[in-house]
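Listed here are the chains, written in short residue letters.
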Amino acid sequence: MESGCGSPSVLPPWPQPRRQALHQLYYDPNIENKNLAQKWLMQAQVSPQAWHFSWQLLQPDKVPEIQYFGASALHIKISRYWSDIPTDQYESLKAQLFTQITHFASGSKIVLTRLCVALASLALSMMPDAWPCAVADMVRLFQAEDSPVDGQGRCLALLELLTVLPEEFQTSRLPQYRKGLVRASLAVECGAVFPLLEQLLQQPSSPSCVRQKVLKCFSSWVQLEVPLQDCEALIQAAFAALQDSELFDSSVEAIVNAISQPDAQRYVNTLLKLIPLVLGLQDQLRQAVQNGDMETSHGICRIAVALGENHSRALLDQVEHWQSFLALVNMIMFCTGIPGHYPVNETTSSLTLTFWYTLQDDILSFEAEKQAVYQQVYRPVYFQLVDVLLHKAQFPSDEEYGFWSSDEKEQFRIYRVDISDTLMYVYEMLGAELLSNLYEKLGRLLTSSEEPYSWQHTEALLYGFQSIAETIDVNYSDVVPGLIGLIPRISISNVQLADTVMFTIGALSEWLADHPVMINSVLPLVLHALGNPELSVSSVSTLKKICRECKYDLPPYAANIVAVSQDVLMKQIHKTSQCMWLMQALGFLLSALQVEEILKNLHSLISPYIQQLEKLAEEIPNPSNKLAIVHILGLLSNLFTTLDVSHHEDDHEGSELRKLPVPQGPNPVVVVLQQVFQLIQKVLSKWLNDAQVVEAVCAIFEKSVKTLLDDFAPMVPQLCEMLGRMYSTIPQASALDLTRQLVHIFAHEPAHFPPIEALFLLVTSVTLTLFQQGPRDHPDIVDSFMQLLAQALKRKPDLFLCERLDVKAVFQCAVLALKFPEAPTVKASCGFFTELLPRCGEVEPVGKVVQEDGRMLLVAVLEAIGGQASRSLMDCFADILFALNKHCFSLLSMWIKEALQPPGFPSARLSPEQKDTFSQQILRERVNKRRVKEMVKEFTLLCRGLHGTDYTADY
């Protein structure tokens, strides 16, 4: 480090470019100029010159923005480049910082804070050996009477410094062993801080700004896991300060942080003393709710929840105090059921939901006898909770809801999902009685003739059912038949209610599969809802669930379902994604029919689209007909995704009792694909230049291949031929991905090997030509090509035996791909090499090319580790090194010494000894891949000059 890091007397002049950069950063409206200035200034902050210019920027004649930059530069230098500072300059640097903080105590607050952070960082780096009583020294220095700054200014500056010290410790990247030492030192130093804070907080003459700062300082220190009993006096003072509106927020933060320490549960006596303090806030809470004071009710709720959620187990263990804890639970229940609609009238109730999970887990974790006692106490509480949650889940009136913003509606939707999750969890505590409870309430509501019921109440009860049925197995519940019987009696006059009815039916689809006689009770409702665009998501998703779960019981309804679906599809009632879901539903439905029935339904279902596609294929390409083509192709691929006539034994419980349709003749999907194959080729001929259309075409075949597997076999020759023509004309990644699927499923079968091999050789040849022309513009193609090569090696290494395959060119292209800037492409290339290298012995052309060009691969890998590739990819390169070492040991031991010999390779930062150590470590490790990854990570940090810096902490 240049001498005089703390001396402003020998400073060079502050360069004009930096002044200009700061002006641009703060005042230039042009965002590009701002970004350039910020980049330049960040480089300046880490430069050696920063030690000099920082002090000059803090001079009184500079504006606060420039002073702030100077203080920030000092903090960066101290926190990140501590090793640059000679030990004999620690004291002068400390003194300079104290001087500057004293000066800014009556100046700019943002600059003062940055200087305090810089001094805090210095203290943490010096503690405990070089500055054993750092905190006590800070307190003593700022309490000195000979300071030019007034008492309040000094007090606030000291409190700011004491506040940022623990915060800086929490975010610092000290080595782990140092962190433990410093934490222990700070724990001791609490003795110099807390008495001062107590005195300032309880002193009547302390101004509000000082007391607020005290609370923030306390809040910061308690996060160092200070023993809760040492905080008692300050916590009580913070509770008292809750009555002062100016101190309320800071008091809440301090109390919550103190209570929430993980270590606090050890101090049960202190926790028990806190319960009356929290319960004492109930009047203030009720008053706040009555007055619509959301901030106060929110803060008090946070305190109650912090105590209950963090320490329910410890407090439940104190059996003799069960009544006081139950009172706290009831207070939290009040917060859960706080009046008003979330998030418009209140934002507090959502804070409490996690508490109910925690309390339930703790009760159910007790041994049987104690659990039975607490179940007796808390089951009624949880039944009350269900009522409260369902009340909170109710929609407001239609008129009120109409005034809500879209953001408020979205927040309410998420809130209801959280309630749904809580209800599902509560089922574990309450069991089948919960469903009976909900059913009785719904039954009374729907059958009562005394008073008209609100749709909101009905909807909430159904929502409760739906929440539980979606995740809990209700197949054995004796109330579900009654619920299914009640659903048709619901007077649906509202979209929200209709949506919930649909989702509830969908949640019960597995139950319907076990009780098919009830399908007819609800299916007409679902089919009717399909025609309402406002119920698009709920009706289509419910039909899809029914078709998936109950497909073997749907043949009697198939004609009706297909007719209604066809009608809504042709009327274009639904958005694209729902149309795709609907096609998937129909795929499930048709799968359970006899082959002749499937073909008949397919003909009526897709004929209109085929006719439309024929017409579009004749038209000159334009954006509007492109959208129509992609939509039709999407419908077909989604239909074929789920249309699977091969029935498996585990398709349905008790399937042996069912007479399943036996496929006869060719697969219906293959029949349709063969019929439309020429048409698809015609469409392609006009749209080969369009990646979206090509992707949509490939998706049809890719999804069909995945669903049909071996049944797709008749299509393999013509599809290989079409893919070859497509890729030869205009190479696209989607064609390579489909080729990879074909290789995966059919390459190992002798009957299909010839067309697969021909296609593989063709796309390889075309891609190699692309590499010669410059592949950098096509990282997606290179990525897919590498994945295809890896799949070929995995499934059928014989593809690399063909004389027409230029294995050497493939190898060299893959090495080139390792140098791409795109991470997915590099990962795919590494994946190819990790499949290729184990085949050195068994596939002769592979062994030959590795022997001839393996050194080139090693050099590329070392260059990447040396700094040319992202650090996030180091595991992938380590995999290649491991494979080379395991399968080509003698070659690697020769290559690695040669490759690392040139000075400055792979990094100028490496010594010959470090390179030699790395090569020996790698060559020794042929079994443990994880160790090789660790070695590569260490080596890349050395190469980049980052070893031992704070940049490595999260690496």
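Just so it is clear, the structure is predicted and the values come from calculations on it, not from any experiment.

Considering all chains together, one arrives at 22 aromatic pairs under this definition. For the ring pair Phe-395 and Phe-412, a centre distance of 5.3 Å and an interplane angle of 75 degrees mean the geometry is edge-to-face. One end of the pair, Phe-395, is in the loop between α18 (368-392) and α19 (398-402); the other, Phe-412, is in helix α20 (residues 406-430), and 17 residues separate them in sequence. Aromatic pair Phe-395 and Trp-455: ring centres 5.9 Å apart, planes at 35 degrees, arrangement tilted. With Phe-395 in the loop between α18 and α19 and Trp-455 in helix α22 (residues 455-471), the pair connects residues that are 60 residues apart, well separated along the chain. As far as burial versus exposure is concerned, Phe-395 and Trp-455 are alike and both buried. Through a chain of ring-to-ring contacts, the aromatic side chains of Tyr-342, Phe-395, Tyr-401, Trp-404, Phe-412, Tyr-415 and Trp-455 assemble into a single cluster. In this arrangement the basic side chain of Arg-286 is found over the ring face of Phe-334, its NZ or CZ atom lying 5.3 Å from the centre. Residue placement shows Lys-796 over the ring face of Phe-753; its charged tip is 5.3 Å from the ring centre.

To continue, consider helix α30 (residues 595-618). Between its terminal C-alpha atoms α30 stretches 32 Å, which fits the 34 Å expected from 24 residues at 1.5 Å a residue. Considering bend angle alone, the principal kink of α30 is centred on Ile-606 and spans about 45 degrees; proline Pro-608 follows within four residues of it. By the burial criterion, the buried members of α30 are Val-595, Ile-598, Asn-601, Leu-602, Leu-605, Ile-606, Ser-607, Tyr-609, Ile-610, Leu-613, Leu-616 and Ala-617. Against the buried residues of α30 lie α28 (555-570), α29 (576-591), α31 (623-642) and α32 (668-687).

A few words on the environment of Gly-724. In this structure, Gly-724 sits in helix α34 (residues 716-729). Spatially, the C-alpha atoms of Gly-724 and Ser-312 are 66 Å apart, while their sequence positions differ by 412 residues. Setting aside its immediate chain neighbours within four residues, Gly-724 contacts Leu-759 and Leu-762.

In the segment running from Tyr-342 into Pro-343, the intervening peptide bond is cis, with an omega of 0 degrees. Tracing the chain through its elements places Pro-343 in the loop between α16 (322-336) and α17 (353-364). Cis geometry marks the peptide bond from Phe-905 to Pro-906; its omega dihedral reads -5 degrees. With respect to the element layout, Pro-906 can be found in the loop between α42 (889-900) and α43 (912-924). The phi dihedral of Glu-225 falls on the positive side, at around 65 degrees, and the residue is not glycine. Look at Leu-709: it is not a glycine, yet its phi comes out positive at around 50 degrees. The residue Leu-709 is located in the loop between α33 (691-708) and α34 in this model.

Attention shifts here to the environment of Leu-512. Examined against the element boundaries, Leu-512 turns out to sit in helix α25 (residues 509-514). Leu-512 gets classed as buried once you look at its relative accessible area, which sits at 1%. In this structure, the C-alpha to C-alpha distance between Leu-512 and Ala-628, residues 116 residues apart in sequence, is 37 Å. Ignoring sequence-local partners within four residues, the contact set of Leu-512 consists of Ile-484, Ile-505, Met-518, Ile-519, Val-522 and Cys-550.

It is worth spelling out the packing of α30 against α32 at this point. Axis separation between α30 and α32 bottoms out at 10 Å; the angle between their running directions is 5 degrees. Here α32 runs roughly parallel to α30, going by the angle between their axes. Taking contact as the criterion, the partners of Val-595, Ile-598, Leu-599, Leu-602, Ile-606, Ile-610, Leu-613, Glu-614, Ala-617 and Glu-618 in α30 are, on α32, Pro-668, Val-671, Val-672, Val-676, Leu-679, Lys-682, Val-683 and Lys-686. Among the residues forming the contact of α30 with α32, the class breakdown is 14 nonpolar, no polar and 4 charged.

Quick look at the confidence of the model for the protein now. Summarising the model, the protein shows a mean pLDDT of 89, and 91% of its residues fall at 70 or more. Looking at the elements of the protein, mean pLDDT is at its lowest for helix α1 (residues 16-27), recorded as 57, and at its highest for α16, recorded as 97. Scored below 50 in pLDDT, residues 6-16 makes 18 contacts in the model with residues more than four places away or belonging to other chains. Below pLDDT 50 for its whole length, residues 648-662 participates in 20 contacts with residues either more than four positions away or in separate chains.

Turning our eyes to something else, we now look at the pattern of salt bridges. Taken as a whole and judged by the stated rule, the model has 34 salt bridges. Of the charged contacts in the structure, one is a salt bridge between Glu-160 and Lys-213, with a shortest N-O distance of 2.4 Å. Here Glu-160 is found in helix α8 (residues 151-171), whereas its partner Lys-213 is found in helix α10 (residues 208-221), with 53 residues between them in sequence. For the pair Glu-160 and Lys-213, one class covers both residues: buried. Among the salt bridges present, the one from Lys-392 reaches Glu-346, with a minimum N-O distance of 2.8 Å. On the criterion of sequence distance, the pair formed by Lys-392 in helix α18 and Glu-346 in the loop between α16 and α17 is long-range, its members being 46 residues apart. The exposure classification of Lys-392 matches that of Glu-346, with both residues buried. What emerges from the salt-bridge pattern is a single network uniting Lys-794, Glu-835, Arg-839 and Glu-842.

Here is what the cut-offs are and how they apply
Residues numbered from 1 in each chain as written. Predicted model: local features only at pLDDT ≥ 70, side-chain atom pairs only at ≥ 80, totals over all residues. Heavy atoms only, no water. Phe/Tyr/Trp six-rings, centres within 6.5 Å; stacked < 30°, edge-to-face > 60°. Helix = DSSP H or I, 4+ residues; strand = E, 2+ residues; numbered from the N terminus. Buried < 20%, exposed > 50% of the residue type's maximum accessible area, 1.4 Å probe, protein only. Lys NZ or Arg CZ within 6 Å of the ring centre and 35° of its normal. Expected span 1.5 Å × (residues − 1). Bend = angle between axes of the 7 residues up to and from the residue. Contact = heavy atoms within 4.5 Å. Axes fitted to C-alpha atoms, helices over the stretch in contact; angles between N-to-C directions. Parallel < 35°, antiparallel > 145°, perpendicular 65-115°, else oblique. Nonpolar A, V, L, I, M, F, W, Y, C, P; charged D, E, K, R; others polar. pLDDT = per-residue confidence, 0-100. Salt bridge = Lys/Arg side-chain N within 4 Å of Asp/Glu carboxyl O.

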